[in-house]
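Remarks on the overall topology
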Amino acid sequence: MEAQEIKEMIERGLPGALVEVRDFTGGGDHFEALVVSESFEGKGLVERHQAVYGALGDAMKARIHALTLKVMTPNQYQNRR
Amino acid sequence: MADPIERIRTAINSDKIVIFMKGNRSFPQCGFSAATVEVFEELGAPYSTIDVLADQEVRDAVKTYSNWPTIPQVFINGKFVGGCDIVRELHSSGELQTLVRAALGESAHQ
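Treat the numbers as computed from the prediction; the structure is a model and nothing was measured. (Residues numbered from 1 in each chain as written. Chains lettered and ligands numbered in written order. Predicted model: local features only at pLDDT ≥ 70, side-chain atom pairs only at ≥ 80, totals over all residues.)

**Considering the sheet that holds strand β3 (residues 73-76) of chain B**
All names here are of chain B. Note the cut-off: Pairing between strands requires that DSSP locate at least two bridges from one strand to the other. Helix numbering and strand numbering both begin at the N terminus, where a helix is a DSSP run of H or I of at least 4 residues and a strand a DSSP run of E of at least 2. Whenever a helix is involved, its axis is fitted only over the stretch in contact; in every case the axis is a line through C-alpha atoms, and angles between N-to-C directions fall within 0 to 180 degrees.
Strand order in the open sheet made by the 4 strands is β2-β1-β3-β4, with mixed pairing throughout. Each edge of the open sheet is held by one strand with a lone partner, namely β2 (48-51) and β4 (79-82). Along the sheet, successive strands turn relative to each other by an average axial angle of 30°, direction set aside. Note that strand β1 (residues 17-21) and β2 share 4 bridges and pair parallel. Residue pairing across strands places isoleucine 19 opposite threonine 49, the latter belonging to β2.

Below, the structure written as structure tokens:
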């Protein structure tokens, strides 16, 4: 699986989100992603991760062995920089 | 044997901190499970672990139970707290210590 494919799936599931995905072993099954979305506003970490997992659907069960997630609202992202 | 969801419910309500992981605390079989256990070791908090590699039914059922597709999974006071990323994030922000202290504190009053 390509990082780009994961990025596109997350973007489809969370329209307007800023998504960066990196294949950190180069093996096509361990990824890390940064997802910045307004839809995370007022939600806890569990709910935010579930929203991203939801966008990935069955790929998360089968093709992605591991996905390290950073999830932020646009506000949190700005304050971080 | 009881239904796997029932077994999960029993497990997460038997101890204050329960970690569903691959392997056990001495021999974690996955880097994310190892990192999660490491956090609780650092906190010095008592926790119990369930090896999902030894029980395929529980491995599948816990994912359904918490609507969470990956292992490890951490439950504190019977409530799903998150996987490896969340536990590490809560640890660095100090929120995990608060959660753990509250959970263990309650047991002291019982």
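**Section: the pairing of strand β2 (residues 30-36) of chain A**
Residue and element names in this part refer to chain A. As paired elements, strand β1 (residues 18-23) and β2 share 6 bridges and run antiparallel to each other. Note that in β2 the partner of leucine 18 across the bridge is valine 36. The hairpin formed by β1 and β2 contains 6 residues between the paired strands, and glycine 26 there has a positive phi angle of roughly 80°. Examined bridge by bridge, β2 and strand β3 (residues 66-72) share 7 bridges and lie parallel to one another. Counted as the bridge partner of leucine 34 is lysine 70 from β3.

**Observations regarding the packing of helix α1 (residues 3-13) of chain A against helix α2 (residues 45-56) of chain A**
All names here are of chain A. Short version of the rule: Angles below 35 degrees are treated as roughly parallel, those above 145 as roughly antiparallel, those between 65 and 115 as roughly perpendicular, and all remaining angles as oblique. Rotating anticlockwise by less than a right angle from the far helix to the near helix defines a left-handed crossing, while the corresponding clockwise rotation defines a right-handed one. Placing a C-beta atom from the backbone of each residue, one calls two residues in contact when those atoms lie within 7 Å. All amino acids are sorted into three groups, where Ala, Val, Leu, Ile, Met, Phe, Trp, Tyr, Cys and Pro are nonpolar, Asp, Glu, Lys and Arg are charged, and the leftover types, Gly among them, are polar.
Close contact between α1 and α2 brings their axes to 8 Å; oriented N to C, the two are set at 115°. By the angle class used here, α1 and α2 are roughly perpendicular. Like other packed secondary-structure pairs, α1 and α2 cross with a definite hand, here right-handed. In contact with Ile6, Met9, Ile10, Arg12 and Gly13 of α1, α2 contributes Val52, Gly54, Ala55 and Leu56. For the contact of α1 with α2, the residue count by class is 6 nonpolar, 2 polar and 1 charged.

**Quick look at the packing of helix α2 (residues 31-43) of chain B against helix α4 (residues 84-93) of chain B**
All names here are of chain B. Close contact between α2 and α4 brings their axes to 9 Å; oriented N to C, the two are set at 30°. Here α2 is positioned roughly parallel relative to α4, judged by the angle of their axes. Between α2 and α4 the crossing geometry is left-handed. Between α2, through Phe32, Ala35, Thr36 and Val39, and α4, the contact on the second element is made entirely by Cys84, Val87, Arg88 and His91. Tallied by class, the residues present in the contact of α2 with α4 amount to 5 nonpolar, 2 polar and 1 charged.

**Notes on the nonpolar core**
Burial of nonpolar side chains together is a common tendency in soluble globular proteins. Residues and elements named next belong to chain B. Under the convention used in this document: In plain words, the nonpolar core is the set of buried Ala, Val, Leu, Ile, Met, Phe, Trp, Tyr and Cys residues that C-beta atoms within 7 Å link up. Neighbour counting defines burial: a residue surrounded by 20 or more other C-beta atoms within 10 Å of its own C-beta is buried, one with 12 or fewer is exposed, and intermediate counts give partly exposed, using backbone-placed C-beta atoms.
Ranked by internal contacts, the top residues of the largest apolar core, which has 27 residues, are Val18, Ile19, Phe20, Ile76, Val81 and Val87. Contributions of two or more residues to this core are made by α1 (4-14), β1, α2, β3, α4 and α5 (95-109). Looking at this core element by element, the count peaks at 5 residues for β1. When sequence neighbours within four positions are dropped, the list of residues in contact with valine 18 reads Ala11, Ile12, Tyr47, Ser48, Ile50 and Phe75.

**What about the pairing of β1(B)?**
All names here are of chain B. Quick reminder of the rule: When the strands point away from the viewer, a crossover counts as right-handed if the route from the first strand across the helix to the second turns clockwise.
Of all the 5 residues making up β1, 5 are buried; the element is thus mostly covered by neighbouring parts of the structure. Going residue by residue along β1, you find Ile17, Ile19 and Met21 tucked away on one face and Val18 and Phe20 tucked away on the opposite face as well. As paired elements, β1 and β3 share 4 bridges and run antiparallel to each other. Looking at β3, one finds that isoleucine 17 is bridged to isoleucine 76. Taken together, β1, α2 and β2 constitute a β-α-β crossover, and its handedness is right-handed.

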